[in-house]
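Architecture and fold: a report
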Amino acid sequence: MAAKIRGPLGQLGAIAREFLRRPSETRPLGKFAVGSAKVAHLLESTVSGVRAPLPGPQFQAIAGLKRPITASTVRALSVQPSSPTRSWSSALESASEAVGEDQQSKRLVDPKELVGSELSFITDNLARLLESGHPMLNTVSRYYFSASGKHIRPLLVMLVAQATSVGTKRQGRTSMLVDTDVDQIDYSLMDRSVTQNIHSDRESQRVNQLIESATKDGHGGRPYAPHVKEGLTILPTHRRLAEITEMIHTSSLLHDDVIDHAETRRGLPAIQKTFGNKMAIFAGDFLLARASMALARLRDPEVIEIMASVLSDLVDGEFKQLKNLEDDDAPMAQPDENAFNYYLEKTYLKTGSLIAKSCRSSAILSNSTDDVVEAAYIYGRNLGIAFQLIDDLLDFTVSAAELGKPVGADLELGLATAPVLYAWQEYSQLGPLVARKFSQEGDVAMAWDLVHKSEGLQRTKQLASHYIERATEALAILPASSARDALERVTLSVLTRTK
């Protein structure tokens, strides 16, 4: 709960809280007094600063989830016959098979049963948030949203929202749109300017009018109504966070595809192949700008800071990748633990950070205690790293048609991912190839063959399974619910996906 303010503002806030607790029929002066009381309450909440620590009943268990995973010494299990390739959807359907004998009698909940209706609105909601008044910008910024993406990040945000909607809570209001009593919150603030000063800028005023006009009829005409199913709640703020997360992720794809000279993405020609580099970069910048505006309008300083740090992490991760490629003293001179640590840190920054911090933010918007918030972050961090490890493995094992983008792209870009690092431990001749970034003729083909001859692919999958296990342990901190079961199913499906 936010610390209470002393002095006149604190006294006004106390009066406001007491006033708002009264039944409506006993409140004097009608709507004006109610509005004034809400303003006083919001003012007190806004200036009260960082949420005070509230550990929660399972905070001691969190420390055990932070123990390190030693990647360089992970051993491959006995090789199993390869399973038929699976899409993301079929991986979700079959994930319960991987739970283990002790849970085979338990059918894990299908995430689509809980949040499918919410996810169905994502593309339309994003189109409304990205309304610009410029037809070409609208087309370019929405280009990848027209493809059948996995929407794994919005899915996780919404499932974490449901999973943290039950259990121990902070009491009272901890920011303008986070309160124990959701009936006291005006969620339409999400689509209004934080400050009226912006209206002195004619262009900004026009943009605000566009967004407000586009979003008021969004989400099936109920943009500010909580979604409740099986006693689990997704708040409008969670929904907006899911949309912000997808905008940040897609903007990173636009920029990455320009940097990497990508040919395809999500089964489509890469955006710069269709519209050119400049339009691709501008569209990525536009997505970040609209995501930042939507983030500010959540009016929660803690969530704003957490999600803003994701943008810094994405750039930091890209620079770590460039350093590995361009510096003579690159940190991956040997396939030892230092090299794996560097690779995994880069993996977290480029992929895991957005998943981890959006899960943390989702728990914060649920007004959860510190143990639940931290467990949500640890879950997302480990899941995100495992997700990228499998992505790096798939670069060697599936066709371009199945993956939706070219295979072998990492080698072509000069990147030594986990399968290469593990293969290097077995075949020292990979060292010179890694050092020159597979730049000479025949280097890519030779590295490809050595990875497939080695245990690199099996060990990469085994490393991913360690992170999946850690993510599953973190889920145990969350209150038992069908949403938690659905998160477990999503987690297990990461190991069996092929796209």
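Residues numbered from 1 in each chain as written. Predicted model: local features only at pLDDT ≥ 70, side-chain atom pairs only at ≥ 80, totals over all residues. Heavy atoms only, no water.

Describing the overall build of the chain
Each helix and strand in the chain was counted, giving 22 helices and six strands. Buried positions account for 54% of the 499 residues belonging to the chain. Put simply, 76% of the contacts in the chain that link residues at least 6 apart link residues at least 24 apart. Accessible surface for the chain amounts to roughly 21,800 Å². Of this, 55% is attributable to carbon and sulfur atoms. (Helix = DSSP H or I, 4+ residues; strand = E, 2+ residues; numbered from the N terminus. Buried < 20%, exposed > 50% of the residue type's maximum accessible area, 1.4 Å probe, protein only. Contact = heavy atoms within 4.5 Å. Areas by Shrake-Rupley, 256 points an atom, 1.4 Å probe, with all protein chains shown as cover.)

Considering the packing of aromatic side chains
Scanning all chains against the criterion turns up four aromatic pairs. Consider the rings of Phe 340 and Tyr 422, whose centres lie 4.7 Å apart with planes at 40°: the pair is tilted. With Phe 340 in helix 14 (residues 337–365) and Tyr 422 in helix 18 (residues 418–426), this residue pair connects regions lying 82 residues apart in the sequence. Clustering of aromatic rings is evident, with ring pairs tying together Tyr 143, Tyr 144 and Phe 275. Sitting above the plane of the Phe 387 ring, Arg 153 keeps its charged end 5.9 Å from the centroid. (Phe/Tyr/Trp six-rings, centres within 6.5 Å; stacked < 30°, edge-to-face > 60°. Lys NZ or Arg CZ within 6 Å of the ring centre and 35° of its normal.)

Some remarks on unusual backbone geometry
Positive phi, normally seen in glycine, also occurs at Arg 299, with a value near 60°. Its place among the elements puts Arg 299 in the loop between helix 12 (277–296) and helix 13 (301–326). Arg 299 gets classed as buried once you look at its relative accessible area, which sits at 10%. Unlike most non-glycine residues, Asn 367 shows phi in positive territory, near 65°. Examined against the element boundaries, Asn 367 turns out to sit in the loop between helix 14 and helix 15 (370–394). For Asn 367, a relative accessible area of 2% translates into the label buried.

Notes on the environment of Arg 436
Tracing the chain through its elements places Arg 436 in the loop between helix 19 (430–435) and helix 20 (443–453). Here the alpha-carbon distance between Arg 436 and Gly 414, two residues 22 residues apart in the chain, equals 7.9 Å.

Some words on empty space enclosed by the protein
Within this structure, the stated rule accounts for four cavities of 30 Å³ or more. What the largest cavity holds in volume is close to 100 Å³. Around the largest cavity, the lining is made up of 13 residues, and of these Asn 125, His 219, Pro 223, Arg 240 and Glu 243 lie nearest the centre. Listed by contribution, the elements that provide at least two residues to the lining of the largest cavity are helix 6 (122–129) and helix 10 (236–259). Each residue belonging to the lining of the largest cavity can be placed in one class, and the counts come to four nonpolar, four polar and five charged. (1 Å grid on protein atoms, 1.4 Å probe; cavity = no way out; pocket = protein on both sides within 12 Å on 5 of 7 lines; lining within 4 Å. Points joined across faces, edges and corners; volume = space filled by probe spheres on them. Nonpolar A, V, L, I, M, F, W, Y, C, P; charged D, E, K, R; others polar.)

Considering the confidence of the model for the chain
Counting all residues, the mean pLDDT for the chain is 83, and 78% of those residues have values of 70 or more. The model gives residues 24–48 a pLDDT under 50, and that stretch makes 39 contacts with residues more than four places away or in other chains. Below pLDDT 50 for its whole length, residues 79–85 participates in three contacts with residues either more than four positions away or in separate chains. (pLDDT = per-residue confidence, 0-100.)

A look at the nonpolar core
Side chains of nonpolar character tend, in soluble globular proteins, to be buried together. Of all hydrophobic cores here, the largest spans 127 residues; its most connected members are Leu 156, Tyr 379, Leu 389 and Leu 487. Sort the elements by how many residues they give to this core and helix 15 lands first, with 15 residues. Not counting chain neighbours up to four residues away, the residues in contact with Tyr 379 comprise Leu 156, Cys 359, Ala 471, Ala 474, Leu 475, Leu 487 and Thr 491. (Core = buried A, V, L, I, M, F, W, Y, C linked by side-chain atoms within 4.5 Å.)

Comments concerning the environment of Leu 433
With respect to the helices and strands, the residue Leu 433 is situated in helix 19. Leu 433 sits ten residues away from Asp 443 along the chain, and the two C-alpha atoms are 6.2 Å apart. With residues near it in sequence (within four places) discarded, Leu 433 still touches Phe 438, Asp 443, Met 446 and Ala 447.

Digging into helix 5 (residues 111–119)
Burial in helix 5 covers these residues: Pro 111, Leu 114, Val 115, Glu 118 and Leu 119. One face of helix 5 carries all of its buried residues, which in axial projection span an arc of 105°. (Arc of directions from axis to C-beta.)

Side note on the packing of helix 6 against helix 10
Contact geometry for helix 6 and helix 10: axes closest at 10 Å, N-to-C directions at 75°. Here helix 6 is positioned roughly perpendicular relative to helix 10, judged by the angle of their axes. Together, Ile 122, Asn 125, Leu 126 and Leu 129 of helix 6 and Arg 239, Arg 240, Ala 242, Glu 243, Glu 246 and Met 247 of helix 10 make up the contact between the two elements. For the contact of helix 6 with helix 10, the residue count by class is five nonpolar, one polar and four charged. (Axes fitted to C-alpha atoms, helices over the stretch in contact; angles between N-to-C directions. Parallel < 35°, antiparallel > 145°, perpendicular 65-115°, else oblique.)

Focus on the packing of helix 21 (residues 456–475) against helix 22 (residues 482–493)
It is at 10 Å that the axes of helix 21 and helix 22 come closest, and there the two elements cross at 175°. One element, helix 21, and the other, helix 22, form an angle in the roughly antiparallel class. Contacts between helix 21 and helix 22 involve Ile 468, Ala 471, Thr 472 and Leu 475 from the former and Arg 484, Leu 487, Glu 488, Thr 491 and Leu 492 from the latter.

So, the pattern of salt bridges
Throughout the structure, instances matching the rule amount to 21 salt bridges. Here Glu 302 ties to Arg 51 by a salt bridge, and the two come within 2.9 Å at their closest N and O atoms. Of this pair, Glu 302 sits in helix 13 while Arg 51 is found in the loop between helix 2 (30–47) and helix 3 (59–62), placing the two residues 251 residues apart along the sequence. A relative accessible area of 27% places Glu 302 in the partly exposed class. On the basis of relative accessible area, Arg 51 is assigned to the buried category, the value being 11%. A salt bridge links Glu 318 to Lys 350, with the shortest nitrogen-to-oxygen separation between them at 3.2 Å. One end of the pair, Glu 318, is in helix 13; the other, Lys 350, is in helix 14, with 32 residues separating them in the sequence. We classify Lys 350 as partly exposed; its relative accessible area is 22%. In the salt-bridge network here, residues are joined through shared partners; they are Arg 51, Asp 300 and Glu 302. (Salt bridge = Lys/Arg side-chain N within 4 Å of Asp/Glu carboxyl O.)

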